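# Fold and contact review
What follows is the residue order along each chain.
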Amino acid sequence: MQPTEETFSIAVCVSCGCGWTLPPASAEELASFYPDSYGAYQVETGFLGIVQRAGLRVLLDRALVRPPFSTLSRMRPGTLLDVGCGRGDLAGAFVRHGWQVVGVDPSPAACAIARRLDVDARVGTLETVSFEPGSFDAVVMGEVLEHVEDPARFLRRIAELAKPDAYVFVTTCINAPAVDHIYLWRTTDALEEMIRDAGLEIATALRLPYEGTTLAESVERNLAINVAYVLTPKA
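About the cut-offs
Residues numbered from 1 in each chain as written. Predicted model: local features only at pLDDT ≥ 70, side-chain atom pairs only at ≥ 80, totals over all residues. Heavy atoms only, no water. Helix = DSSP H or I, 4+ residues; strand = E, 2+ residues; numbered from the N terminus. Buried < 20%, exposed > 50% of the residue type's maximum accessible area, 1.4 Å probe, protein only. Contact = heavy atoms within 4.5 Å. Areas by Shrake-Rupley, 256 points an atom, 1.4 Å probe, with all protein chains shown as cover. Core = buried A, V, L, I, M, F, W, Y, C linked by side-chain atoms within 4.5 Å. Pairing = 2+ DSSP bridges. Axes fitted to C-alpha atoms, helices over the stretch in contact; angles between N-to-C directions. Disulfide = S-S within 2.5 Å. pLDDT = per-residue confidence, 0-100.

### Focus: the overall build of the protein
Of the regular secondary structure elements, the protein holds seven helices and ten strands. For the protein, the proportion of its 235 residues judged to be buried stands at 44%. Looking at the protein alone, contacts between residues at least 24 apart form 65% of all its contacts between residues at least 6 apart. For the protein, the exposed surface amounts to about 12300 Å²; the carbon and sulfur share of it is 53%.

### A short note on the nonpolar core
Membership of the largest hydrophobic core comes to 37 residues, with the highest contact counts inside it found for Leu 81, Val 83, Met 141, Phe 154 and Trp 185. Residue assignment for this core shows that the elements contributing at least two residues are strand S3 (79-83), strand S4 (100-105), strand S6 (136-142), helix H5 (151-161), strand S7 (162-174), helix H6 (188-197) and strand S10 (225-233). Among the elements that take part in this core, H5 stands out by supplying six residues, more than any other. Residues Ala 93, Val 95, Cys 111 and Phe 169 belong to the second largest nonpolar core, which totals 20 residues.

### Quick look at the sheet that holds S4
By definition, the strands of a sheet pair up through backbone hydrogen bonds, in either a parallel or an antiparallel sense. Strand order in the open sheet made by the seven strands is S5-S4-S3-S6-S7-S10-S9, with mixed pairing throughout. The two strands at the open ends of the sheet, each matched to only one other strand, are strand S5 (120-123) and strand S9 (200-208). On average, adjacent strands in this sheet sit at an angle of 15° to one another, irrespective of strand direction. Across five bridges, S3 lies against S4 in parallel orientation. In the strand pairing of S4, Thr 79 is matched with Gln 100. In this fold helix H4 (residues 108-115) packs onto S4 and S5, with an angle of close to 170° to the strand it touches most, S5.

### Observations regarding the state of the cysteines
Under the definition given, this model contains zero disulfides. In this structure Cys 85 is a free cysteine whose sulfur lies 4.8 Å from that of Cys 111, the closest cysteine sulfur available. Look at Cys 85 and you get buried, because its relative accessible area is 7%.

### Considerations on the confidence of the model for the protein
Across the protein, pLDDT averages 87, with 83% of residues at or above 70. Averaged pLDDT values for the elements of the protein fall to 63 in helix H1 (residues 27-33) and rise to 98 in S3.

### Notes on the environment of Ala 110
Along the chain, Ala 110 falls in helix H4. Sequence separation of Ala 110 and Gly 86 is 24 residues, and the distance between their C-alpha atoms is 5.2 Å.

Now the structure itself:
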C-alpha cells in the first residue's frame, strides 16, 4: 500500500469484539492506496526483469504442488477464480498448470499485466463483475477479505460461485488494523464462525500467531494473527 497520512478510528462490537474501520474507505479511496505506480503492479524490464520473472516462476510452480494448493493436484484442471489477482503472478502459474483462470482486480494497470499471462483479468470487484452461480472449480482469495466492508456477504457470494465440489483458498489476518483494513476480526473463532455461516466448511486451517507468541497469547494481547484456509461448500 502507498503511504498515507489519513487517520481513522476503530469501532468495536462489545459482544463479539470484531471491529470496523471508521470512516470505512470507499472504493475510490482504496484505489488511491494502490495506484498504477504501486510497486506490486510493476514489472521490471531488462536483464533484472528476466531474472526476477524466472525466479518467481520457479517459486510459484513449486507452491502449486505443496500445501495448501497441492489439494488441486488431485483434480483435473478446470476453471479457477482469483479474487484480487493483482498483476496475475499466481493466476499465471495456474494457467501454466492447465487451469482456465478468471481474475478480478480493481486496478486496470494490474489487469493489463495479468492478461499478458493468459489470465482472463476483469477490472472491478466481486460486487461489480458478473458471474453465474456455480461457475468455478476453485476460488483463490489472498489478503482480500479484510478490505471489504461486509465480509459475510462476500463469503456468501464466494460460496454461491463455487461448484459443489470446489475448493476455496482464503488468506487473511486477525487483529491487524490499517487504514485499508475495513473489517477486523478479534479472534480466529469469529472469522471461522462467519465462514461456516456463509455456507462453507473448513477442510484445512493454518493459524500463525504473532512471532514469539502462542495463538492464545496473540489473542489475549491483541496481536496480529495470519490465517489460511482451504474451504469447501456445505453439502
